[in-house]
Amino acid sequence: MKVVLFCGGYGMRMRNGTASDVPKPMAMVGPRPLIWHVMRYYAHFGHTEFILCLGYGAHHIKDFFLNYEETTSNDFVLRGGKAELLSTDIADWTISFVQTGIESPIGERLRRVREHLDGDEMFLANYADVLTDAPLPSMIERFAKSEAGASMMVVPPQSSFHCVEMDEGGLVGSITAVSEMPLWENGGYFVLRQEVFDHIPENGDLVADGCAELAKRGRLLAYPYRGFWKPTDTVKERYALDEAYTRGVRPWALWEKDRVPA
């Protein structure tokens with residue numbers, strides 16, 4: 001299945017106070033940017049046709065792939081001054097780079113790459129900045145067996161805050177961690193049918209317009225997941241992932257688990 005990646009936003013919450021035109025999906029986790037980790041996740045399950053919805057800082061993403069160094073994350077033999085790869089990351093990938101506008105909402109970005117889907121009835125979509133170890137085949141199979149127009153992975157709230165219940169006099173009756181409440185939030189991993197385009201207006205949003213309308217019609221399917229899922233909305237969250245990578249704690253890197261030790 002084709003994978004649409006939304007990677008053209010400003011990523012303002014990732015700013016550390018210095019001017020930069022690097023889009024959020026290009027923030028580094030280990031030796032590779034976020035978008036690479038997300039793409040490796042999909043490729044691990046056999047989905048290697050990518051459509052990148054570019055916008056802000058597009059040249060950074062283009063340059064990364066045009067000058068891709070396989071030796072950074074693969075074993076190789078140096079013979080006669082030339083590297084002979086023992087494995088490869090992206091040799092079998094097909095990547096379409098599509099400029100979808102600097103200010104475009106997510107839904108509009110999706111509308112602008114529709115022709116690149118070649119009419120495929122089902123396809124995958126992702127924000128390109130969230131890492132998980134969720135079982136993608138199960139997510140796809142569950143959706144394929146349904147008649148829904150879209151499916152989104154949902155996860156427990158990630159906030160560390162607490163909700164307070166009180167009476168009119170201000171006396172607190174209970175305190176509950178947000179993460180323990182019976183709530184779910186959008187996890188950013190979508191399986192979609194062409195039907196979603198019927199509900200996204202020009203300059204519309206994928207979730208607020210497309211998914212919301214499908215939900216009203218009883219055609220939006222949720223895939224609840226309580227396993228590993230980490231966003232990178234802030235510098236702190238990105239740093240935590242980078243630090244975990246350095247320590248060798250990479251639950252999202254399912255492709256590493258299949259490697260046979262030498």
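Note: the structure precedes this text.
Residues numbered from 1 in each chain as written. Predicted model: local features only at pLDDT ≥ 70, side-chain atom pairs only at ≥ 80, totals over all residues. Heavy atoms only, no water.

A. Examining the pairing of strand S6 (residues 82–85) more closely. Where strand S5 (residues 76–79) meets S6, four bridges bridge the pair, whose relative direction is antiparallel. Across the sheet, the residue bridging to phenylalanine 76 is leucine 85, located in S6. (Pairing = 2+ DSSP bridges. Helix = DSSP H or I, 4+ residues; strand = E, 2+ residues; numbered from the N terminus.)

B. View of the pairing of strand S10 (residues 150–155). The buried count for S10 comes to six of six residues, which makes it a mostly enclosed element. Side-chain alternation along S10 places Ala150, Met152 and Val154 on one buried face and Ser151, Met153 and Val155 on a second face that is also buried. Two strands pair when backbone bridges link them, and S10 and strand S13 (residues 185–193) are joined in this way by five bridges, in the antiparallel orientation. Paired with valine 155 across the two strands is glutamate 185, which belongs to S13. Taken together, the five bridges between S10 and strand S14 (residues 220–224) define a ladder with parallel strand orientation. What sits directly across from methionine 152, in S14, is alanine 222. (Buried < 20%, exposed > 50% of the residue type's maximum accessible area, 1.4 Å probe, protein only.)

C. Quick look at the environment of valine 172. Turning to its location among the elements, valine 172 is positioned in strand S12 (residues 172–177). The spatial distance from the C-alpha of valine 172 to the C-alpha of cysteine 211 is 36 Å, given a sequence separation of 39 residues. Residues in contact with valine 172, not counting those within four places in the same chain, are Val164, Glu165 and Met166. (Contact = heavy atoms within 4.5 Å.)

D. Layout of the pattern of salt bridges. Enumeration over the complete set of coordinates arrives at 16 salt bridges. Residue arginine 40 pairs with aspartate 89 through a salt bridge whose shortest N-O separation is 2.8 Å. Of this pair, arginine 40 sits in helix H1 (residues 34–44) while aspartate 89 sits in the loop between S6 and strand S7 (94–99); the two residues are 49 residues apart in sequence, bridging distant segments of the chain. The exposure class of arginine 40 is buried, given its relative accessible area of 11%. Glutamate 195 serves as the salt-bridge partner of arginine 219, at 2.7 Å between the closest nitrogen and oxygen. Here glutamate 195 lies in the loop between S13 and helix H5 (206–216) and arginine 219 lies in the loop between H5 and S14, a separation of 24 residues in the sequence. The exposure class of arginine 219 is partly exposed, given its relative accessible area of 25%. Beyond isolated ion pairs, a larger network of salt bridges with shared partners links Lys2, Glu49, Asp118 and Asp120. (Salt bridge = Lys/Arg side-chain N within 4 Å of Asp/Glu carboxyl O.)

E. Molecular detail of the sheet that holds S10. With mixed pairing, the seven strands of this open sheet are ordered in space as S7-S4-S1-S8-S13-S10-S14. Pairing within the sheet leaves two strands with one partner each, and these edge strands are S7 and S14. Adjacent strand axes in the sheet meet at a mean angle of 25°, parallel and antiparallel pairs treated alike. Sheet strands in contact with H5 are strand S1 (2–6), S10, S13 and S14, and its direction is about 70° off that of S13. (Axes fitted to C-alpha atoms, helices over the stretch in contact; angles between N-to-C directions.)

F. Broad picture of a nonpolar patch on the surface. Taken together, the side chains of Val164, Met166, Val172 and Ile175 define a hydrophobic patch exposed on the protein surface, amounting to about 410 Å² of accessible area. Where the nonpolar patch is concerned, the elements lending two or more residues are strand S11 (162–166) and S12. (Patch = residues over 30% accessible without salt bridge, like charges linked within 9 Å, V, L, I, M, F, W, Y side chains within 5 Å. Areas by Shrake-Rupley, 256 points an atom, 1.4 Å probe, with all protein chains shown as cover.)

G. Molecular detail of helix H2 (residues 58–66). Taken residue by residue, H2 has Ala58, Ile61, Phe64 and Phe65 as its buried positions. The buried residues of H2 occupy an angular sector of 130° when the element is viewed end-on, so they sit on one face. In the core, the buried residues of H2 are packed alongside strand S3 (32–33), H1, strand S4 (49–54) and S7. (Arc of directions from axis to C-beta.)

H. Broad picture of the environment of histidine 47. Summarising the element assignment, histidine 47 is placed in the loop between H1 and S4. Here histidine 47 falls in the buried class, since its relative accessible area comes to 10%. Expressed as a C-alpha distance, the spacing of histidine 47 and tyrosine 223, which sit 176 residues apart in the sequence, is 19 Å. Within the local environment of histidine 47, its side chain forms a polar contact with the backbone nitrogen of methionine 1, the two atoms lying 3.2 Å apart. (Polar contact = N/O pair within 3.5 Å; in protein donor to acceptor, adjacent residues only side chain to side chain.)

I. Just the packing of aromatic side chains, in detail. A complete count under the given rule lists 14 aromatic pairs for this structure. Judged by centre distance (5.3 Å) and plane angle (75°), the ring pair of tyrosine 41 and phenylalanine 45 falls under edge-to-face. For tyrosine 41, a relative accessible area of 2% gives the class buried. The exposure class assigned to phenylalanine 45 is partly exposed, which follows from its relative accessible area of 25%. A network of ring pairs unites the aromatic residues Tyr41, Tyr42, Phe45 and Tyr189 as a single cluster. (Phe/Tyr/Trp six-rings, centres within 6.5 Å; stacked < 30°, edge-to-face > 60°.)

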